[in-house]
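Residue strings, one per chain:
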Amino acid sequence: KHCFSFLRVTHKLERSIARVTNEKIIVQITFKNTTKHLTMVSTSSILQSSIRPLRIGMIGAGTVGGGVYEIIMNRLGSRSAGNNTTTSGAKKQVVITKICVRDPTKPRDFQNDKRSTEIVTDINSIVNDKDIDLVVEVMGGTSLAKSAVLESLKQGKSVVTANKALIAENLEEIVGVLNQVNERVVGKEAVTAGDGGNVKFAYEASVCGGIPVIQVLQSCYTGDIINEVMGICNGTTNFMLGKMEAGADYDEVLKEAQDLGFAEADPSADVDGYDVRAKIAILAKLAFGTTVPVDTIPCMGITNISVIDFAYAKSMGCTIKLVGTAVRQSQFGEHDGALSVYVSPKLVPNTHLLASATGCGNAVAIDSANLGIASYTGPGAGRYATANSIVADILRVANNTSTASPFPFSSNIEIDNDYVSAFYIRISFQDGLGIIRRIGELSESQEVSIHSILQQPITDRMAADTVVTTEACKYSQVKALCELIEKEDFALCAPVFMPMFTGSEYFCA
């Protein structure tokens, strides 16, 4: 502006027009009888080219790792050193300079640019590389991965991971190391770095894949009080239960899930509920500030669910979902009791939002004082869905917009995982006289009140089923009741039981 004013006085400047592009300013200057064009490099372009890119070392290069590489190196324009193209929200350039794999000769489903990215086999070559700013851990497991994550933090490198088991099992240790690294001494007083902490730990992809539920809980409920978090957090079991609801049996559905790549050869982490257990432990820490040891969380999988359970659920206007739940106990609706965290198949009304999650989809519902029930749904797994969450974490670290702490607050809420709920109990029996009466007597002995008894017409007296639904009672009471029923001569096997949504609005029969 000042330059143009000077020219008007000294050189009889009559007109000036400036056109700004991403990298240049083109100015047309008209003097009395002459027109000149000047081209100048814009300040933003100079700054962009002078800023050192965030350098990433990635441990693991499987399905998700390949997706991360493709997004970072192709879509964000990092493949070319001179390309400053960025997607929405990417202010600083990021580049993957090293990838650590077990077998460098194994074919990969992404094209590695050897000019930018070095393939290595020693994790320490990433952890100890002073030029690397951030480590992405997508190798899985909880032993070698733990060592890599903790050592990277100690070396002053930020970490992004999708490893829910690692986080859930070592939550306090990770946070402790992070706080030590980011602690600075001011005079004689030690102060936690907070916003000034340069080392970050981010884990958006660890729960529900592509759904940004971690970021939501970290930043969007700071002025609210959460009463309950519940979610369908495992796409494999949700896919399987959907097929079973359509009439397929468990073994058939499991094989299909394995053939499609949804389930591993050893599917126990999914079908026994351990995957959801780790995820709900993380969500409980975010929502309530309390660390819940994963081995204390009651966990039931889907291996005992059968087609007959879906038939009874349908008669009650419900479906069955594997749900992780973290809830403050409440006697009169005040939600100020102990915290209960558990994983179990659950009877869900067809009108409830969780019932709408189909296929491999995930869904999370959060009940809070200000918002009531808010829901978050989307893809819970997959190459690009999970990679997208990892890249979002990377860009937040690069642009210094990550939350100061991975778990914003702590609390000393009492933990009581002997949760209270209404329950569904299916009893398989050999028909005879007095069976219902005996079930009633055993229920009374455990102080379990029966809400209803359901039974379809008996077609085989040697193998029949009946269902008992209960009023609200403790998990331990129903478990003890089922153990007693199993000992009876009429019982063919251990009863199948699962919690139901409580409240009159949920009984849709």
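For the structure, check the block above.
What you are looking at is a predicted structure, and each value in this text was computed from that prediction instead of being measured.

Caption draft 1: Geometry of the packing of aromatic side chains. In this structure the tally under the stated criterion is nine aromatic pairs. Geometrically, the ring pair formed by Y342 and Y419 is stacked, given 3.5 Å between the ring centres and 10° between the ring planes. Highlighted residues: Y342 in strand β14 (residues 339-349) and Y419 in the loop between α14 (383-398) and β17 (420-429), separated in sequence by 77 residues. On the basis of relative accessibility, which here comes to 4%, the residue Y342 falls in the buried class. On the basis of relative accessibility, which here comes to 1%, the residue Y419 falls in the buried class. On the basis of an interplanar angle of 55° and a centroid distance of 6.3 Å, the ring pair of F423 and F497 is categorised as tilted. Of the two residues, F423 is situated in strand β17 and F497 in strand β21 (residues 496-500); the sequence distance between them amounts to 74 residues. Each member of the pair, F423 as well as F497, carries the same accessibility label: buried. Chaining the aromatic ring pairs together yields one cluster made of Y342, Y419, F423, Y475 and F497. Sitting over the face of the ring of F501, K346 holds its NZ or CZ atom 4.8 Å from the ring centroid.

Caption draft 2: Structural context of unusual backbone geometry. Not every positive phi belongs to a glycine, and C208 is a case in point at roughly 60°. With respect to the helices and strands, C208 occurs in the loop between β11 (201-202) and α8 (213-219). A residue is classified by how much of its surface remains accessible, and C208, at 0% relative accessible area, is buried.

Caption draft 3: Representation of empty space enclosed by the protein. Applying the stated criterion to the full structure yields one cavity of 30 Å³ or more. Size it by volume and the largest cavity reaches roughly 100 Å³. Surrounding the largest cavity, K200, F201, A202, Y203, E204, I214, Q215, Q218, D393, R396, S402 and T403 form its lining. Mapped onto the lining of the largest cavity, the elements with two or more residues apiece are β11, α8 and α14. When its residues are assigned to classes, the lining of the largest cavity shows four nonpolar, four polar and four charged.

What counts and what doesn't
- Residues numbered from 1 in each chain as written.
- Predicted model: local features only at pLDDT ≥ 70, side-chain atom pairs only at ≥ 80, totals over all residues.
- Heavy atoms only, no water.
- Phe/Tyr/Trp six-rings, centres within 6.5 Å; stacked < 30°, edge-to-face > 60°.
- Helix = DSSP H or I, 4+ residues; strand = E, 2+ residues; numbered from the N terminus.
- Buried < 20%, exposed > 50% of the residue type's maximum accessible area, 1.4 Å probe, protein only.
- Lys NZ or Arg CZ within 6 Å of the ring centre and 35° of its normal.
- 1 Å grid on protein atoms, 1.4 Å probe; cavity = no way out; pocket = protein on both sides within 12 Å on 5 of 7 lines; lining within 4 Å.
- Points joined across faces, edges and corners; volume = space filled by probe spheres on them.
- Nonpolar A, V, L, I, M, F, W, Y, C, P; charged D, E, K, R; others polar.

Treat this as a map of the structure, not an account of what it does.
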